[in-house]
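What the coordinates show
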Amino acid sequence: MMFSKKPLVGIIMGSSSDSRVMQDASKVLDQFKIKHEDQIVSAHRTPSRLAEYAQHAEKMGFHVIIAGAGGAAHLPGMIASHTVIPVIGVPILVYNDKHPQKNNTSKFSAFGGLDSLLSITEMPSGSPVVAVGINKAGNAAIYAMKILANEFPELKKKLIQYKSSQHDSVIKESEQLKKEGLSKFAKNKFK
Ligand code: RP5
């Protein structure tokens, strides 16, 4: 198995309905000009495709795989069982407004995303998958870049700049808050 010479991330999700949340991962990677390949792979509905995808990921040389799934979210764990490429799981709070039944219970997963979070994090000892918070696909992308930054110094520099811009924006907002007073600041912020 060979890793790609340029940073390369695989993004997969269990259903087209997950694209609503998973698009945040692609937005962050695009912002940092990191190449990614995006696919739908369902652990439950396309189990043989899942095994094929793991082989494909190794052939492509993905450095990291970001895998999002909702409900009984087996996708990240099952991919991790087929490859040593690090897998970052995104637990998804299922929200499917295209569901044929129009009532809310069919649109949302029963446990508010906790079902998915636990399915991803509670892998048995020896078969780890890391997970970000529920629906935090953007964080998965940032974490993927942190892994990549060990190998690509240019990316490390960009992440350091990103951190310092976060710092600067907090300072700027704090100065504004101090100047205007809390009530006026909050009124302007949430108008
Ligand atoms: C999981 O089931 C998917 O990851 C998705 O979050 C959830 C619901 O899928 P759909 O019914 O929207 O296709 O496998």
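To keep things clear, this report deals only with the structure shown in the data block. Since the structure is predicted, the reported quantities are computational estimates derived from the model, not experimental observations.

**A word on the sheet that holds strand β5 (residues 130–131)**
- Spatial ordering of the open sheet is given by β2-β1-β3-β4-β5, a layout of 5 strands whose pairing is parallel. Strands with a single pairing partner mark the edges of an open sheet, and in this sheet they are β2 (35–40) and β5.
- As paired strands, strand β1 (residues 8–13) and β2 are joined by 6 bridges and run parallel to one another. Residue pairing for β2: I12 is matched across the bridge by Q39.
- Packed onto the sheet, helix α2 (residues 47–60) meets β1, β2 and β3 (64–70) and runs at close to 170° relative to β2.
- Strand contacts of helix α5 (residues 114–121): β3, β4 (87–92) and β5, with the helix running at about 160° to β4, the strand carrying the most contacts.

**Section: unusual backbone geometry**
- One non-glycine residue, K33, lies in positive phi territory at about 55°.
- Tracing the backbone shows K33 in the loop between α1 (19–31) and β2.
- Classification of K33 by relative accessible area gives exposed; the value is 72%.
- The backbone of N135 sits at a positive phi, close to 70°, despite the residue not being glycine.
- By the element assignment, N135 lies in the loop between β5 and α6 (137–149).

**Points about the site of the ligand**
- Every residue close to the ligand is listed here: G14, S15, S17, D18, R45, A69, G70, V94 and N96.
- A distance of 2.7 Å separates an oxygen atom of the ligand from a polar side-chain atom of S15.
- Summarising the interface, the protein chains cover 80% of the accessible area of the ligand, which totals 360 Å² for the free molecule.
- The pocket occupied by the ligand, as judged from atoms lying within 2 Å of grid points, is the largest pocket.
- Here the shell around the ligand is composed, by residue class, of 2 nonpolar, 5 polar and 2 charged.

**With respect to a nonpolar patch on the surface**
- Nonpolar side chains collect at one region of the surface, where M1, F3 and V84 lie side by side and expose about 330 Å² of accessible area between them.
- Checked against the element boundaries, M1 lands in the segment before β1.
- In this structure M1 comes out as partly exposed when scored by relative accessible area, which is 49%.

**Remarks on the side chain of T83**
- Within the fold, T83 resides in the loop between α3 (75–82) and β4.
- If we skip the residues at most four places from it in the chain, T83 touches E58 and I65.

**As for the nonpolar core**
- By size, the foremost hydrophobic cluster in this structure holds 27 residues, and its most contacted members are M22, I34, I66, V90 and M145.
- Counting residues per element, the ones that place at least two in this core are β1, α1, β3, β4, α6 and α7 (153–180).
- The element best represented in this core is α6, accounting for 8 residues.
- Not counting chain neighbours up to four residues away, the residues in contact with M145 comprise V28, L29, F32, I34, L155 and L159.
- Of all hydrophobic cores here, the second largest spans 18 residues; its members include A57, I65, L75 and V129.

Each value, and the rule that gives it
One numbering rule holds for all chains: residues counted from 1, following each sequence as written. For this predicted model, a pLDDT threshold of at least 70 governs which residues receive local features, and a threshold of 80 or more governs which side-chain atom pairs are given and counted, while totals over whole chains, interfaces and linings are taken from all residues. In computing side-chain properties, one takes all heavy atoms of the structure into account and sets aside hydrogens as well as water. A pair of strands is treated as paired once DSSP finds two or more bridges between them. A run of DSSP states H or I qualifies as a helix once it reaches four residues; a run of E qualifies as a strand once it reaches two. Both are numbered from the N-terminal end. Should any heavy atoms of two residues lie within 4.5 Å, those residues are considered in contact. For helices, the fitted axis covers only the stretch in contact; all axes are lines through C-alpha atoms, and the angles between them, taken along N-to-C directions, range from 0 to 180 degrees. Note on exposure labels: buried denotes an accessible area under 20% of the residue type's maximum, exposed denotes more than 50%, and partly exposed covers the range between, all computed with a 1.4 Å probe on protein chains only. To be near a molecule or strand, a residue needs just one of its heavy atoms within 4 Å of it. We define a polar contact as two N or O atoms separated by no more than 3.5 Å, with the added condition that, inside protein, one atom must be a possible hydrogen donor and the other a possible acceptor, whereas residues neighbouring each other in sequence contribute only through side-chain atom pairs. Using a 1.4 Å probe, accessible areas were evaluated by the Shrake-Rupley method; residue-level cover was limited to the displayed protein chains. Throughout, the protein atoms alone are placed on a 1 Å grid, and a set of points is a cavity if a 1.4 Å probe fits but cannot get out or a pocket if it is open with protein on both sides within 12 Å along at least five of seven lines; lining residues have an atom within 4 Å of a point. Whether a molecule lies in a cavity or pocket depends on its atoms, and more than half of them have to be within 2 Å of the grid points. Under the scheme applied, nonpolar residues are Ala, Val, Leu, Ile, Met, Phe, Trp, Tyr, Cys and Pro; charged residues are Asp, Glu, Lys and Arg; polar residues are all the others, including Gly. For patch detection, residues must exceed 30% relative accessible area and be free of salt bridges, and they are connected within 9 Å for like charges or within 5 Å for nonpolar side chains (Val, Leu, Ile, Met, Phe, Trp, Tyr). The term salt bridge refers to a side-chain nitrogen of Lys or Arg lying within 4 Å of a carboxyl oxygen of Asp or Glu. Remark: nonpolar core denotes a set of buried residues (Ala, Val, Leu, Ile, Met, Phe, Trp, Tyr, Cys) joined through side-chain atoms within 4.5 Å.

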